[in-house]
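Breakdown of the fold
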Amino acid sequence: MMKLNGNFALITGGTRGIGYATALMFLKEGAKVAITGRSEKHGEEAIEKLKKEGFKDVVFIQGDVSKSADAKRMILATIKQFGQLDILVNNAGIYIGGTAETASEADWDSVIDVNLKGTFLCSKFALPYLKKTKGVIVNIASCDGLVAEPESVAYCASKGGVVLFTKAMALDHAKEGIRVNCVCPGAIMTPMLEQDLLKSGRAREKYFKETAESHPIGRIGEPEEVAKAVLFLASDDSSFVTGTALSVDGGLVAQ
């Protein structure tokens, strides 16, 4: 029996990486899915790939989660498309490195606006509809929200904020039947990791070898492995779980 049969989900940043893998897994488990992203091109490509997989119950909604008007419009467009909302996955995120000294104010604002403010805005506008369905929110934080990483001050601050935002929301809305949890991935083979490689200026083979070795399991994770954790938290399998931060990091933060 499919775990999400009859559920309607919105996944922000759903065109690539963890978001795309989550959308694909949700569709396989019977959900109807809306994915969002800033790039219309990436959105069209994602929808084409998903439809080639045989799934028709998926739509793309273009928008920027850091903008209040866009966040509200994406929620309303999902309701217009599906009639209800059962699951919100706040996955949209960006990474810009730097210390408190080297990071620009613009870099700080960009990271906080997308990663933290975007999670707040989408949750804010989704909550009235999730109350009706006793729905679920799953936020994508990071292992960098649990332990610090050098030269990642804005990213760590944003993801640490997501972890505590998750716990606060879980307390605020438990009596309304809404569960709120987050997943904290380690290094995952996504476009974001590729971007970090390019910005680092390091040799590709050395970068991936050192990144893999920093995880006790000895390798970099795959988007599908994070998507499985999101599925668990979004489904009734986790019916007694709320306010948790689930590490999917190959043992990274256990060190």
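Predicted model only: the values in this text are computed from it and were never measured.

**Overview of the packing of helix α1 (residues 17-28) against helix α2 (residues 40-52)**
- Closest axis-to-axis distance for the α1/α2 pair is 11 Å, and the angle between their directions is 30°. One element, α1, and the other, α2, form an angle in the roughly parallel class. For the pair α1 and α2, the sense of crossing is right-handed. Residues Tyr20, Leu24 and Leu27 of α1 form the contact with α2, whose own contacting residues are Ala46, Lys49 and Leu50.
- Of the residues contributing to the contact of α1 with α2, the split by class is five nonpolar, no polar and one charged.

**Here we look at the state of the cysteines**
- Across all of its chains, the model carries zero disulfides by this definition.
- Unpaired in terms of disulfides, Cys122 finds its nearest cysteine sulfur in Cys182, a separation of 16 Å.
- With no disulfide of its own, Cys182 has Cys184 as its nearest cysteine by sulfur position, at a separation of 4.3 Å.
- Its relative accessible area of 0% is what places Cys182 among the buried residues.

**Here's the deal with the pattern of salt bridges**
- By the definition in use, this model includes 10 salt bridges.
- When the shortest N-O distance is used, the salt bridge between Arg204 and Glu194 registers 2.9 Å. A residue pair is termed long-range when its members are at least 10 positions apart, and Arg204 in helix α7 (residues 204-213) and Glu194 in helix α6 (residues 191-200) qualify at 10 residues.
- Looking at Arg204, the relative accessible area reads 46%, which means it is partly exposed.
- Overall, the relative accessible area of 27% leaves Glu194 in the partly exposed class.
- Linking Glu210 and Lys206 is a salt bridge whose minimum nitrogen-to-oxygen distance equals 4.0 Å.

Rules used throughout
- Residues numbered from 1 in each chain as written.
- Predicted model: local features only at pLDDT ≥ 70, side-chain atom pairs only at ≥ 80, totals over all residues.
- Heavy atoms only, no water.
- Axes fitted to C-alpha atoms, helices over the stretch in contact; angles between N-to-C directions.
- Helix = DSSP H or I, 4+ residues; strand = E, 2+ residues; numbered from the N terminus.
- Parallel < 35°, antiparallel > 145°, perpendicular 65-115°, else oblique.
- Left-handed = near helix turned anticlockwise from the far one by under 90°.
- Contact = heavy atoms within 4.5 Å.
- Nonpolar A, V, L, I, M, F, W, Y, C, P; charged D, E, K, R; others polar.
- Disulfide = S-S within 2.5 Å.
- Buried < 20%, exposed > 50% of the residue type's maximum accessible area, 1.4 Å probe, protein only.
- Salt bridge = Lys/Arg side-chain N within 4 Å of Asp/Glu carboxyl O.

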